[in-house]
Every structure is written in C-alpha cells, then in structure tokens.
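# Architecture and fold: a report
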Amino acid sequence: MARKVYLTRRETFAAAHRLFKPELSDEENFKMFGKCSNPNWHGHNYTLEVTVAGEVNPDNGFVIDIKKLKEIMHEFVISKVDHKNLNIDTEFMKGIIPTSENITLAVWNQLETKIPGGKLYSVKLYETENNYFEYKGE
Ligand code: NI
C-alpha cells in the first residue's frame, strides 16, 4: 500500500471586509452579521494553512517542493488578499459575502488547479485564534 504524507504550509495575511447584503438596511445587516457588518469596514489577521497529500517521490524525497507550494500560495492567494479589501479589491471574492466559510471555498478554487497532481488535501483558514474553517474538497 502506498504511503501518504501530509504537508502543510502556513501563511498569514491582513485584510479588510464587511459582511452585508446590499439590499438590506444597516440595521438589518447588523442583525444578520453583527459587528462584521460595520459600514466602514474592519480588518482581521488571517492565518491560512494549505495541506497537500501524496506519496513521496523517490527521485527527490518530496511530496511537493515546499518552495513551489509557497510560490503558488503567494501568486494566487496571498498577493490578492494581503492588505486588501476583500469586498472590493479581490477579484476571486467578487459578488461573494466574505465570510470565512466563503473565503475558504474561494481559496480552494484558486489553488485546486495550480497544485500539481490533484494533491490539494485541505484549506484551513483562521479568522481569530478561536475559530477556523476548513474545506477538503467534498
Ligand atoms: Ni469580520
């Protein structure tokens, strides 16, 4: 049986957002989304963990070159969200309410085809120290 190794790269980014539905009043948005609906935006320090899984390539001893994984995360995610406003600046979040659930799914979509060999295993996003959101492609 082939043995699988799981490898995780962690990156952090800071981003602003507002959770709201444009068709609702500020008061209704506050009822639905709480403080995260503040009309003048607010920020979070996010931590993103991307896990890749696969057999170790006997040629180089890698599942994936971690440098390559880091580059992919930077090019397709971090550079598009770090010090940005997720509602306005980030193309891959356009038209999506930027909850951590939705950011997690959108990051998966960004990475799925970029990580070679179908090896993307999970995307984990920490919005605070106390909660994280995870998607495993199901
Ligand atoms: Ni928030």
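Refer to the structure presented above.
Figured I'd write up the structure that's included with this text.

Reading guide: rules and limits
Residues numbered from 1 in each chain as written. Predicted model: local features only at pLDDT ≥ 70, side-chain atom pairs only at ≥ 80, totals over all residues. Heavy atoms only, no water. Donors = N, O, S within 2.8 Å, 3.2 Å for Na, K, Ca; no water. Tetrahedral: all angles 85-135°; square planar, octahedral: opposite > 155°, others 65-115°. Helix = DSSP H or I, 4+ residues; strand = E, 2+ residues; numbered from the N terminus. Buried < 20%, exposed > 50% of the residue type's maximum accessible area, 1.4 Å probe, protein only. Expected span 1.5 Å × (residues − 1). Contact = heavy atoms within 4.5 Å. Core = buried A, V, L, I, M, F, W, Y, C linked by side-chain atoms within 4.5 Å. Bend = angle between axes of the 7 residues up to and from the residue. Polar contact = N/O pair within 3.5 Å; in protein donor to acceptor, adjacent residues only side chain to side chain.

## Here we look at the coordination of the nickel ion
Distances from the nickel ion to its protein donors, His17 (NE2), Cys36 (SG), His42 (NE2) and His44 (NE2), fall within 2.0 to 2.1 Å. Between the four donor atoms coordinating the nickel ion, the angles at the centre fall across 91 to 131 degrees, so the site counts as tetrahedral. Going along the chain, you hit the donors of the nickel ion in the pattern H-x18-C-x5-H-x1-H. Here His17 is found in strand 1 (residues 4–17), whereas its partner Cys36 is found in the loop between helix 1 (26–33) and strand 2 (42–55), with 19 residues between them in sequence. Both residues of the pair, His17 and Cys36, count as buried.

## Examining helix 3 (residues 100–112)
Here helix 3 contains 13 residues, and its C-alpha end-to-end distance of 18 Å stays within 8% of the 18 Å for a straight helix at 1.5 Å per residue. Every buried residue belonging to helix 3 is among Ser100, Ile103, Thr104, Ala106, Val107, Trp108, Gln110 and Leu111, and all of these are buried. On its buried face, helix 3 sits against strand 2, helix 2 (66–81), strand 4 (120–126) and strand 5 (132–135).

## Points about the nonpolar core
Most often, soluble globular proteins keep nonpolar side chains buried together rather than apart. Formed by 28 residues in total, the largest nonpolar core has its most connected members in Phe13, Leu48, Val50, Leu69, Val77, Leu111 and Ile115. At the level of elements, strand 1, strand 2, helix 2, helix 3 and strand 4 are the ones that each hand at least two residues to this core. In terms of residues, this core owes the most to one element, helix 2, which gives seven residues. Beyond its immediate chain neighbours, meaning those up to four positions away, Leu69 contacts Leu7, Arg9, Val50, Val52, Ile64 and Ile115.

## Examining helix 2
Given a rise of 1.5 Å per residue, 16 residues ought to cover 22 Å, and the 21 Å separating the end C-alpha atoms of helix 2 matches this to within 8%. Maximal helix bending in helix 2 amounts to about 50 degrees, located at His74. Lining the buried residues of helix 2 we find strand 1, strand 2, strand 3 (84–85) and helix 3. The N-terminus of helix 2 is capped by Asp65, whose side-chain oxygen sits 3.0 Å from the backbone nitrogen of Lys67. Where helix 2 ends, the next residue or the one after it, His83, has phi of about 60 degrees, a positive value.

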